[in-house]
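# Structure at a glance
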Amino acid sequence: MSAGVVTLDEVVGNDAGFVQARTPTQLAWGRFKRSRLAIMGVAMLAVIILLSVLAPWIAPHGQNEIDLFSIKAPPSREHLLGTDSLGRDVLSRLLYGGRMSLAIGIAAALICTLVGIFFGAIAGYYGGWIDGTIMRFVDLMLAFPSIFLLLIIAAMFEGISVWGVILFLGLFSWMWLTRIIRGEFLSLKQRDFVEAARSIGTPDGQIIRRHLLPNVIGAIVVTFTLDVALFMLAEAGLSFLGFGVPPGIPTWGNMLNESRTDYLSEPLLAVVPGLALTLCVLAFNFVGDGLRDAFDPKGIRG
Amino acid sequence: MSRFLIRRLLGAIPLLFGVAVISFMLMQVAPGGPDATYARSPRMTDERLQALREKMGLDQSIPVQFVKWIQNLLRGDLGSSYVQNRPVTQVIQDAFPNTLLLVTVGLILALVFALLFGVLAAVNPYGWFDNVTALISYFGLAMPVFWFGLMLQILFSVKLGWLPSSGLHDPQNPGVLDTLEHLVLPAVTLAIGSIAVWSRYIRSSTIETLQHDYVRTARAKGLSDRSVLSRHVLRNSLTSFITVAAIDIPLYLTGVVFIETVFSLPGMGRLFYDSLTRRDYPVLMGILMFSATLIIIGNLIADLIYAKLDPRVSFE
């Protein structure tokens, strides 16, 4: 019964006996709250995000601080999760790494979402040859295994910066969202309220923003949430192979990459960042699935 | 049927052409390349470099090079590897069977376990088995594939010593059984993601099918649970599953890169990784073209099977 949310009791038990209208977002939130997994996901994410944001203040050591007297040390009071092959504190790098991995995932998902909305909206709203051209391009992009393409480009540029990784991930993954939004727009634009808006001379841009986009907000939010998780996995994959974030910058992927030389003798070095990543992705997936069920209880939009 | 097939095949041509164009453009903007490799050699003179460039056709204009490249492509000639000095097609031919083996074993594992988990979970929704498989598939989806591979290596090769951690053959002890032993961990790693997604998918479509009238009829006429499931339910839940499985083909290809690198298997994925580190662009482009073709063909086959299994789907 948190503030600002209309609960069923409040609605039904209304003094005047009227049923108060609820916006689709309020309905969705009501359904979201009832999913135990989704709430668990939110709690896990809250912890992970808090730890990542606070990394500089709570990390016991600096991210690249080297302790030459304890190299590949097992967990101890000084180094709670041990140290890596350069004598850096694993726990501290885990916290800083989460910060960077999360930032990359969220930033890439933002780019992917914006590009996806842009092309999807234009293709769906205008139709005709614009739609045809954009959708053929989408087909083409989907025919490529995107990780292959990313790896080739990363190898060409002899190591890419953090921003490069973010841009590449975002710019090679917008196609699914474009497909969803285009499909929705194609049917939405036939509806009376769009016709009405058009008949009073509303400019196209405003129809798209004010009348059409709010109707697909569910699909956008769900895709965004799941994309963050996908991009965190992709970052880890690229960095693991040595073609992602420059070495030295701690990310969970880079930590896994650094563990490659001695994970068989020092399993903890590989277990820790991988487990953190798995839990984080799990949390995003819980929330994403919860949101999907909340926005679309019948599962029509897949 | 054949008209549908022809139309789909024709539709694939511009797609493949687009893939070829993008591959070629990538090669053009790529730094390094053959002349850079040879230019680094200390005994290289300007004249010899020029002669080499002429020999490789690098002195011609980009459109001319492109037309030549496409012509060669149509003849099945993907150029030759900078590093291995062999035709790319040969390099790929050597690596592909190993990957095919890995993917086949992985696919079989994935199908068997996904069907088993999915149907058993559907028989008693929200029972303990359903909940356990739900949890497993949530984890299976969330784990980075290669990390799961590392964990399997640590557990089964190092701690327990049950299975070999890398390679495809043991030179001391070759044989089919030995190869299969080497394939267990990589194949499980490859399959885990699909088991996660597919078992959930089969579960929900089976639950849906179980509610149909004809299932009740089949039960009413006295068929056993087993034959109701296998003859009436499974076939229907499988039809929609085919399309889901086809979407996963690209996932398999990317999975192969990581898994073959982690387990040191001499397949296409490992070849891709090695070519990346050595900047062997012709091989990279060859693999890119090859896998794009596989994806397109895979989707086509999925459509065909789908139509074959579901009589309601028309080809027109």
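Residues numbered from 1 in each chain as written. Chains lettered and ligands numbered in written order. Predicted model: local features only at pLDDT ≥ 70, side-chain atom pairs only at ≥ 80, totals over all residues. Heavy atoms only, no water.

## Points about the overall build of chain B
Within chain B, the secondary structure is distributed over 13 helices and zero strands. Walking chain B from its N terminus toward its C terminus, one meets helices and strands in the order α-α-α-α-α-α-α-α-α-α-α-α-α. Seen through its C-alpha atoms, chain B measures out along the principal axes to roughly 85 × 55 × 35 Å. Counting across all 316 residues of chain B, residues that qualify as buried make up 44%. (Helix = DSSP H or I, 4+ residues; strand = E, 2+ residues; numbered from the N terminus. Buried < 20%, exposed > 50% of the residue type's maximum accessible area, 1.4 Å probe, protein only.)

## Focus on the nonpolar core
Leu151, Leu169 and Trp252 of chain A together with Phe272 of chain B are the most contacted members of the largest nonpolar core, which has 145 residues in total. Contacts of Phe272 of chain B, omitting those with residues within four sequence positions, involve Phe148, Leu151 and Ile152 of chain A together with Val257, Leu284 and Ile287 of chain B. Phe185, Leu188, Ile207 and Ile208 of chain A belong to the second-largest nonpolar core, a separate cluster that totals 15 residues. (Core = buried A, V, L, I, M, F, W, Y, C linked by side-chain atoms within 4.5 Å. Contact = heavy atoms within 4.5 Å.)

## Brief notes about the pattern of salt bridges
All names here are of chain A. Considering all chains together, one arrives at 12 salt bridges over all chains under this definition. The closest approach of N and O atoms between Arg182 and Asp131, which form a salt bridge, is 2.6 Å. You can see Arg182 sitting in helix α9 (residues 175-188) and its partner Asp131 sitting in helix α6 (residues 128-143), a full 51 residues away along the chain. Look at Asp131 and you get buried, because its relative accessible area is 9%. A single network of salt bridges, built from pairs that share partners, joins Arg88, Arg93 and Glu258. (Salt bridge = Lys/Arg side-chain N within 4 Å of Asp/Glu carboxyl O.)

## Observations regarding the environment of Met27 of chain B
Structurally, the position occupied by Met27 of chain B is in helix α1 (residues 2-29). Sequence separation of Met27 of chain B and Met285 of chain B is 258 residues, and the distance between their C-alpha atoms is 7.7 Å. Not counting residues within four places of it along the chain, the set of residues in contact with Met27 of chain B comprises Met156 of chain A together with Trp69, Tyr281 and Met285 of chain B.

## Considerations on helix α3 (residues 36-53) of chain A
All names here are of chain A. The terminal C-alpha atoms of α3 lie 26 Å apart, and with 18 residues this matches the ideal 26 Å at 1.5 Å per residue to within 8%. Of the residues making up α3, those classed as buried are Ala38, Gly41, Met44, Leu45, Ile48 and Ser52. All buried residues of α3 fall inside an arc of 125° around its axis, so they share one side. Looking at α3, the residues exposed on the side facing more than 90 degrees away from the buried face are Arg36 and Leu50. Looking at the packing, one finds that the buried side of α3 touches α2 (24-34), α4 (55-58), α5 (90-126), α13 (252-259) and α14 (267-295). (Expected span 1.5 Å × (residues − 1). Arc of directions from axis to C-beta.)

## What to know about the domain arrangement of chain A
All names here are of chain A. Taken domain by domain, chain A holds domain 1 (1-34) and domain 2 (39-299). Once you take the C-alpha centre of each, domain 1 and domain 2 turn out to be 33 Å apart. On the domain 2 side, the residues contacting the four residues of domain 1 number nine residues. It is Ala28, Arg31 and Phe32 in domain 1 that bury the most area against domain 2; as a group they hold 83% of the surface buried on that side. Counting the contacts that link domain 1 with domain 2 gives zero salt bridges. The interface formed by domain 1 and domain 2 contains one residue pair in polar contact (both at pLDDT 80 or more). Of the residues in the side of domain 1 that touches domain 2, the class split is two nonpolar, no polar and two charged. (Domains from an automatic or database assignment. Buried area = accessible area lost by both parts, 1.4 Å probe. Polar contact = N/O pair within 3.5 Å; in protein donor to acceptor, adjacent residues only side chain to side chain. Nonpolar A, V, L, I, M, F, W, Y, C, P; charged D, E, K, R; others polar.)

## So, the packing of aromatic side chains
The final tally for this structure, using the stated rule, is 19 aromatic pairs over all chains. Aromatic pair Phe156 of chain B and Trp162 of chain B: ring centres 5.9 Å apart, planes at 45°, arrangement tilted. Through successive ring pairs, a cluster of aromatic residues spans Phe118, Phe119, Phe137 and Trp174 of chain A. The ring centre of Phe240 of chain A lies 5.0 Å from the NZ or CZ of Arg260 of chain A, which sits over that ring. (Phe/Tyr/Trp six-rings, centres within 6.5 Å; stacked < 30°, edge-to-face > 60°. Lys NZ or Arg CZ within 6 Å of the ring centre and 35° of its normal.)

## Section: the interface of chain B and chain A
For an interface, size is often stated in terms of accessible area lost upon the parts coming together. Between chain B and chain A, the residue contacts involve 43 residues of the former and 38 residues of the latter. Here chain B and chain A share an interface that buries about 3800 Å² over both sides, 83% of which is from carbon and sulfur atoms. The tally of links between chain B and chain A comes to zero salt bridges. Run the count over chain B and chain A and you get three residue pairs in polar contact (both at pLDDT 80 or more). Every element with two or more residues in the side of chain B that touches chain A is listed here: α1, α6 (128-142), α7 (145-159), α11 (249-262), α12 (268-278) and α13 (281-309) of chain B. The biggest single contributor to the side of chain B that touches chain A is α13 of chain B, with nine residues. Each residue belonging to the side of chain B that touches chain A can be placed in one class, and the counts come to 34 nonpolar, seven polar and two charged.

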